[in-house]
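# Summary of structural features
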Amino acid sequence: MTTTDQAGARPGPVLEAISITKSYGHNTVLRDVSLEVFPGEVVCIIGPSGAGKSTFLRTLNRLEAPDSGEVWVGGMPMGFQLRAGRLHELNERKLSAQRAQTGMVFQHFNLFPHLTALGNVMEGPVQVQRRSSREARGEAVALLERVGLGDKVDHYPGQLSGGQRQRVAIARAVAMKPLFLLFDEPTSALDPELVGEVLTVMADLAREGMTMLVVTHEIAFARQVADRVVFMADGGIVEQGPVEQVLENPQEARTRQFLQRVLE
Ligand code: ADP
């Protein structure tokens with residue numbers, strides 16, 4: 001749920017994308033995409049395959065550099081430093097530190113296979129944020145318990161199911177104390193019977209006030225958890241708004257067609 005500050009005013013966006021464009025060769029994948037996400041909001045991005053959803057998400061933490069447009073994270077320009085009124089591109093080390101504010105959960109988990117669940121969750125806080133391993137360990141154990149994996153801390157990814165691996169990946173992202181979490185189709189690589197346990201962890205995080213931007217095919221999840229739904233097609237946002245509007249009463253023919261297709 002969206003929060004307000006003490007004066008009752010809505011705080012500024014924690015994430016702001018302004019007129020993002022991106023092409024791969026002659027293929028224009030994102031056309032002038034703008035989006036704001038406010039603290040505590042859960043925004044779900046839906047749309048057909050190839051719409052540019054994943055590319056858009058990756059431009060937000062600069063895993064992909066947009067061709068034009070700007071991304072602001074917590075009021076800072078993503079990938080740049082403001083010095084004397086000018087933007088200077090960050091070096092890799094500073095970019096990694098800034099990216100840690102934008103926890104990302106990938107479709108294919110991207111865990112380190114040679115580290116245990118605990119090792120995976122501790123790695124970022126210790127290596128990137130230079131926090132003490134004692135403190136990071138305590139927090140990592142608590143996080144793994146929170147995602148229902150308190151009895152799997154010493155297991156390696158190869159010893160875990162897909163749903164368990166994805167829950168480790170979520171704990172790993174949260175361990176960095178990010179400003180928000182970006183989810184890129186977090187359940188689409190899972191066997192159907194493992195989807196629910198991951199969505200439950202995500203819904204719990206949303207309820208606890210975590211700001212989340214989620215690319216998903218799970219319309220039922222969006223209906224239950226999202227504050228706002230964004231429908232993307234052909235590299236642009238076709239419409240966005242509250243769940244009741246976009247999912248129950250879409251204004252655009254393309255949204256209606258998509259929903260009919262996925263819900264039938
Ligand atoms: P979605 O997430 O909505 O399915 P994507 O962002 O994955 O869409 O892809 C949008 C388009 O961009 C597709 O046509 C895809 O082939 C293309 N694309 C994505 N990543 C790359 C890449 N690294 N190189 C070339 N084309 C890409």
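This text follows the structure it describes.
Numbers given to residues run from 1 along each chain, matching the order in which its sequence is written. Where local features are concerned, this predicted model is filtered to residues with pLDDT of at least 70; where side-chain atom pairs are given and counted, the filter is 80 or more; whole-chain, interface and lining totals use all residues. To get the side-chain values, all heavy atoms of the structure are used, and hydrogens and water are removed first.

## Let's talk about the sheet that holds strand 2 (residues 27-37)
Using the following cut-off: Two strands are counted as paired when DSSP detects at least two bridges linking them. A run of H or I in DSSP becomes a helix once it reaches four residues, and a run of E becomes a strand once it reaches two; helices and strands are each numbered from the N terminus. Any two residues having at least one pair of non-hydrogen atoms within 4.5 Å are treated as being in contact. Only the contacting stretch of a helix is used when fitting its axis, a line to C-alpha atoms as for every element, and angles between N-to-C directions run 0 to 180 degrees.
Pairing in this open sheet of 4 strands is antiparallel, and the strands run 2-1-4-5 from one edge to the other. Whereas interior strands pair on both sides, the edge strands pair on one side only; in this sheet they are strand 2 and strand 5 (76-77). Summarising the sheet, strand 4 (residues 68-73) and strand 5 pair through 2 bridges and their orientation is antiparallel. What sits directly across from Trp 72, in strand 5, is Pro 77. Set on the sheet, helix 1 (residues 53-60) makes contact with strand 1 (15-24), strand 2 and strand 4; between it and strand 1 the angle comes to about 120°.

## A closer look at the pairing of strand 10 (residues 212-215)
Note the cut-off: Partly exposed describes any residue whose relative accessible area lies between the buried limit of under 20% and the exposed limit of over 50%, with all areas from a 1.4 Å probe on protein chains only and scaled to the type maximum.
Residues Met 212 and Val 214 line one face of strand 10 and the alternating positions Leu 213 and Val 215 line the opposite face, and both faces are buried. With 4 bridges connecting them, strand 9 (residues 180-184) and strand 10 associate as parallel partners. Across the sheet, Asp 184 pairs through a bridge with Val 215, a residue of strand 10.

## Considering the layout of surface pockets
Over the atoms rolls a probe the size of a water molecule, and in doing so it shows where empty space is left. As a reminder, the rule being used: Only protein atoms enter the 1 Å grid, on which a cavity is a set of points fitting a 1.4 Å probe that cannot get out and a pocket is an open set with protein on both sides within 12 Å along at least 5 of 7 lines, lining residues being those with an atom within 4 Å of a point. Grid points are joined across faces, edges and corners, and a volume is the space filled by probe spheres set on the points.
Approximately 540 Å³ is the volume found for the largest pocket. Every residue lining the largest pocket is counted, 21 residues in all, and those nearest its centre are Arg 99, Ala 100, Phe 106, Arg 172 and Met 176. Put simply, the parts of the chain that give the lining of the largest pocket at least two residues each are helix 2 (92-99), strand 8 (102-105), helix 3 (117-128) and helix 5 (162-175). Element by element, the count of residues in the lining of the largest pocket is highest for helix 3, at 6 residues.

## Points about the nonpolar core
How we decide: In this description, a nonpolar core means a group of buried Ala, Val, Leu, Ile, Met, Phe, Trp, Tyr and Cys residues linked to one another through side-chain atoms lying within 4.5 Å.
Core analysis: the largest hydrophobic core is formed by 55 residues, its most contacted members being Leu 144, Ile 170, Met 202 and Met 212. In terms of residue count, helix 6 (residues 192-207) provides more of this core than any other element does, 9 residues in total. Sequence-distant contacts of Leu 144, defined by excluding residues within four places in its chain, comprise Ala 117, Leu 118, Val 121, Leu 149, Gly 150, Val 153, Val 168 and Ala 171.

## A closer look at the packing of helix 3 against helix 5
How we decide: Note on terminology: angles under 35 degrees are roughly parallel, angles over 145 are roughly antiparallel, angles of 65 to 115 are roughly perpendicular, and the others are oblique. The crossing is said to be left-handed when, going from far helix to near helix, the turn is anticlockwise and less than a right angle, and right-handed when the turn is clockwise. Three classes are used, and their members are as follows: Ala, Val, Leu, Ile, Met, Phe, Trp, Tyr, Cys and Pro are nonpolar, Asp, Glu, Lys and Arg are charged, and the others, Gly among them, are polar.
Contact pair helix 3 / helix 5: the axes reach a minimum separation of 8 Å and the direction vectors enclose 25°. Considered as vectors, helix 3 and helix 5 are oriented roughly parallel to each other. Here helix 3 runs over helix 5; the crossing is right-handed. Residue-level contacts link Ala 117, Asn 120, Val 121 and Pro 125 of helix 3 to Val 168, Ala 171, Arg 172 and Ala 175 of helix 5. Its residues assigned to classes, the contact of helix 3 with helix 5 comprises 6 nonpolar, 1 polar and 1 charged.

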